[in-house]
Structures are given as C-alpha cells and as structure tokens.
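So the chains spell out like this:
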Amino acid sequence: MGLVSPVGGKLDVAWENVCSGNSQIGEITNFDASTYPTRIAGTVRDFNADDYLAPKDQRKNDPFIHYGIAVSTEALRDAGLAVTEENGHRIGVAMGAGIGGIRFIEDNVEKLQKGGVRKVSPFYIPGSIINMTSGQVSILQHLTGPNLSIVTACATSTHCIGIAGRTIAYGDADVMLAGGSEYATTPSAMAGFCAARAMTTRNDDPTRASRPFDVDRDGFVLSNGGGCVVLEELEHAKARGARIYAELIGFGMSGDAYHITSPPEDGEGARKCMTAAIRDAGIDPGDVDYLNAHGTSTPAGDIGETVGIRRTFGDAADRLMVSSTKSSTGHMLGAAGVVEAIFCIQSLVHQAVPPTVNLDNQDPACDLDYVPNTARDARVRIAMSNSFGFGGTNGSLVFRAFE
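Residues numbered from 1 in each chain as written. Predicted model: local features only at pLDDT ≥ 70, side-chain atom pairs only at ≥ 80, totals over all residues. Heavy atoms only, no water.

Q: Describe the packing of helix H3 (residues 63-79) against helix H5 (residues 132-141), with residues and values.
A: Interaxial distance between H3 and H5 falls to 9 Å at its minimum, and their mutual angle equals 45°. With respect to their mutual orientation, H3 and H5 come out oblique. Remark: the crossing between H3 and H5 carries right-handed chirality. Across from Phe64, Ile65, Gly68, Ile69, Ser72, Thr73 and Leu76 in H3, the residues of H5 making contact are Met132, Thr133, Gln136, Val137, Leu140 and Gln141. Of the residues that constitute the contact of H3 with H5, the class distribution is seven nonpolar, six polar and no charged. (Axes fitted to C-alpha atoms, helices over the stretch in contact; angles between N-to-C directions. Helix = DSSP H or I, 4+ residues; strand = E, 2+ residues; numbered from the N terminus. Parallel < 35°, antiparallel > 145°, perpendicular 65-115°, else oblique. Left-handed = near helix turned anticlockwise from the far one by under 90°. Contact = heavy atoms within 4.5 Å. Nonpolar A, V, L, I, M, F, W, Y, C, P; charged D, E, K, R; others polar.)

See the structure below:
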C-alpha cells in the first residue's frame with residue numbers, strides 16, 4: 001500500500017493521525033481564495049515530487065499524476081515486488097481520478113488567453129487526461145499487463161480496486177496496482193463546488209469543519225491526495241513469500257438512477273451496493289465488524305447512507321461500528337475510496353477502529369454507532385468501505401483479515 005494525504009504520506013503516520021483525529025485541514029495557500037465562500041481545504045504538506053520525477057517531467061504533468069506515480073512507487077516498494085521481463089506482462093494498473101488534471105487545464109487555458117496557441121504546452125492533453133496516471137505508471141514501472149482507468153467521481157478508486165480484483169480473478173493478471181489520485185484545490189474547481197453550495201463554510205474553524213453525522217454539518221471539505229494498493233492472486237503471493245495485509249473478498253456496485261448529485265432518501269442505491277458486496281463476499285451482514293462510511297459531512301448524504309446501512313444490515317446495524325475518516329482527512333474525491341480502503345485494511349491489521357471526529361451533537365436521523373471522537377480497540381475480522389459519487393454511482397469493498 002502507498003498513500004499521500006492531508007494526514008500524512010507514510011502508512012504509519014497517516015494511520016496514527018486519523019486515529020488521533022489529528023486533522024491538517026487549513027486555509028488554502030496555493031491560490032488567493034479570499035473572495036470564496038469556502039477558503040479551507042485539506043492539502044498535502046509533506047510531498048516532494050523530486051523523489052519520484054525529474055523536474056522536467058513534473059512540468060509535463062498535472063499534480064494528480066505526480067501523486068499517482070508516487071503512491072504506486074511506494075506501494076510496489078511496500079509489496080517487495082520486483083518487476084522483471086518475465087513477470088511484467090502479468091502485472092497491470094487500474095488508477096483513476098474524479099476530476100483529473102484541472103490545474104494543468106487552468107494553466108494552459110491562461111497561456112492560451114494571454115499568449116495565443118503557441119504558448120500552450122505540447123503536453124497539455126497527455127498531462128491532464130485521467131487515464132495518464134495508469135499510463136505513466138505502466139511506462140515507468142514496465143508493466144505490460146492490463147492498463148485501464150475508471151472515472152466514477154468519488155467512487156473512482158473504489159471501482160478501480162474492485163475491477164482490478166476481478167481482473168485477477170478472471171485470470172488476466174497475477175498482480176494489479178489499483179487506486180487513484182486527485183488535486184482539485186484549484187480556483188475553478190473550488191468555484192464550481194462553491195457555486196453548488198456543496199462545501200462547508202466553516203472557515204474560522206478548519207480542523208472542525210468536516211463533521212459527518214453531526215447535526216451542525218454544513219458540507220464537505222475538499223482535499224487532495226492519492227493512494228494505491230497492490231492486489232495479488234493469493235497463491236502467487238504465497239509463492240513469493242509476500243507479506244499479506246488482508247484479502248479482498250467482496251465488491252459491489254449500483255446506480256441510484258435518482259439525481260445528479262443527491263442520494264435518494266431511502267438509501268436504496270447504497271443498500272443495493274452494500275448488499276451486492278456482501279453477497280459477493282459470501283458472508284452474512286452480521287459478519288461485518290467495521291464499516292468505513294462514505295460520510296462526507298453533507299446534510300442529505302449522511303442521512304441517506306445511514307438509512308441504507310440500516311436497510312442492509314437489519315438488526316446487525318446496531319452492533320456495527322461505523323466511522324467516517326473524512327472527518328479528519330476531508331474528501332479526496334476520486335482518491336477517497338482507496339485511502340479509506342487502506343484505513344479499513346489498517347483496522348484489520350491493528351485491531352482498532354478510527355473515530356468520526358467532530359461528532360459533538362449527533363443528528364437524531366443518523367442513529368448508528370459512529371465511534372465518536374475516540375479510536376476504539378476492537379475485534380475486527382471483516383471491514384467494509386463505501387464510496388458514492390455524483391451521477392448516483394456507488395461502490396463497496398469488503399476486506400477480511402488474513403490468517
């Protein structure tokens with residue numbers, strides 16, 4: 001596994017920070033946001049692209065691609081997997097983004113407006129399109145297996161992981177690098193989300209602005225980040241003596257068919273998605289110990305997901321531990337799913353559940369055990385991760401502790 005995030009760029013640091021609720025959300029500094037209704041975001045503070053790309057190559061790509069290259073490099077290192085001429089054709093990549101190279105687009109549009117067509121970078125298109133993360137990783141790591149990118153808004157990297165797992169199960173690869181990355185704290189992206197009134201305006205208290213399931217929540221906090229997991233066919237992993245964190249045992253998808261941005265009040269799309277993942281895993285709802293919720297801190301979204309969870313788990317919902325780590329990280333859009341999947345896997349490894357911080361006054365309509373404010377030591381054998389995106393696209397993953 002590998003990640004970059006507002007709570008840290010190393011697995012142990014990010015896990016410690018998310019368990020302690022050490023949010024790094026703060027004022028936007030990469031552009032002048034003083035006139036914006038929302039002036040805070042979750043930015044990556046400890047990332048150095050020089051560790052992964054030469055400066056001349058950095059200039060050819062949007063930062064979301066820099067993040068994607070970095071997290072895939074770290075994930076391969078963590079997996080102890082050497083790519084050779086003999087195995088490269090059996091290793092693939094499935095990485096995406098929700099928005100993609102919007103900063104690179106903004107920069108080149110400005111060059112066009114100020115200096116004309118000759119000022120536009122020849123790398124404008126390949127440096128901003130979403131599938132180029134998978135393309136660059138494939139080229140840099142010499143991976144000639146399946147090379148694809150899924151774009152489903154905030155469900156992107158969850159879908160990438162699920163489809164990558166099925167690619168291995170179908171026999172098209174032995175190993176897949178899967179995940180996503182995002183760099184969306186840009187002037188036009190922030191302006192668009194502000195215009196949609198989707199984000200919090202709690203600018204005077206940044207670290208407490210993301211508050212899923214709290215009665216005073218008023219929108220999400222936009223964040224940057226990225227993550228990658230190395231999925232490997234079980235016998236292949238055993239044969240090379242790989243360290244195995246967990247097993248991916250279930251994946252489900254659904255569509256709300258309801259609204260471009262809002263979930264249905266009855267949580268039906270979420271229910272169908274979670275039910276499909278549980279069925280794919282071959283388990284009962286009551287077997288799930290922990291659920292990392294999509295939990296964005298929006299008024300409608302948190303209620304819809306809660307209703308969907310209750311309908312999925314029935315009586316077992318009251319025993320289920322649920323938390324939203326977005327309360328610490330903010331919402332990384334297309335990268336959120338993979339980072340939260342990593343936190344689910346860490347919960348299996350460490351036998352602990354990260355908290356939902358800033359949950360001071362729980363919304364009566366959100367009536368589950370959200371592990372408020374303090375991490376919890378607990379038996380966690382099976383964990384689920386939810387991701388829901390604009391357009392009514394949903395994805396759920398189920399992981400089991402490896403023994």
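Q: Tell me about helix H6 (residues 156-169), residues and numbers included.
A: Across its 14 residues, H6 extends 20 Å between first and last C-alpha, which sits within 8% of the 20 Å expected from 1.5 Å per residue. Across the 14 residues of H6, ten count as buried, placing the element largely inside the fold. When H6 is considered as a whole, its buried residues turn out to be Thr156, Ser157, Thr158, His159, Cys160, Ile161, Gly162, Ala164, Thr167 and Ile168. Among the residues trailing H6, Gly171 stands out with phi positive, at a value near 95°. (Expected span 1.5 Å × (residues − 1). Buried < 20%, exposed > 50% of the residue type's maximum accessible area, 1.4 Å probe, protein only.)

Q: Describe the pattern of salt bridges, and please don't skip the residues or the numbers.
A: Counting across every chain of the model gives 24 salt bridges. In this structure, Arg381 and Glu403 form a salt bridge, with 3.2 Å as the shortest nitrogen-oxygen distance. Residue Arg381 is found in the loop between strand S12 (376-377) and strand S13 (382-389), and its partner Glu403 is found in the segment after strand S14 (393-401); the two are separated by 22 residues along the sequence. Arg381 gets classed as partly exposed once you look at its relative accessible area, which sits at 26%. Because the salt bridges share partners, they merge into one network encompassing Asp205, Arg208, Arg211, Asp214 and Asp360. (Salt bridge = Lys/Arg side-chain N within 4 Å of Asp/Glu carboxyl O.)

Q: Go over the sheet that holds S14 with me, naming the residues and quoting the values.
A: One open sheet holds the five strands; their spatial order is S8-S14-S13-S9-S10, and the pairing between them is mixed. In this open sheet, the two edge strands, each paired with only one partner strand, are strand S8 (246-255) and strand S10 (321-323). Recorded for the sheet is a direction-independent mean angle of 20° between the axes of neighbouring strands. The pairing of strand S9 (residues 290-292) with S13 spans three bridges and is parallel. Bridge assignment links Tyr290 to a residue of S13, and that residue is Ala383. (Pairing = 2+ DSSP bridges.)

Q: An account of the pairing of strand S7 (residues 225-232) is needed here, citing residue identities and associated values.
A: Across the eight residues that make up S7, a large majority, eight, are buried. Every second residue of S7 is oriented toward a common face, with Gly225, Gly227, Val229 and Leu231 on one face and Gly226, Cys228, Val230 and Glu232 on the other, all of them buried. Summarising the sheet, strand S1 (residues 2-4) and S7 pair through three bridges and their orientation is antiparallel. The residue bridging Leu3 from the neighbouring strand is Gly227, located in S7. Direction of pairing for strand S6 (residues 175-182) relative to S7: antiparallel, over a ladder of eight bridges. Residue Gly179 lies in a different strand from S7, and its bridge partner there is Cys228.

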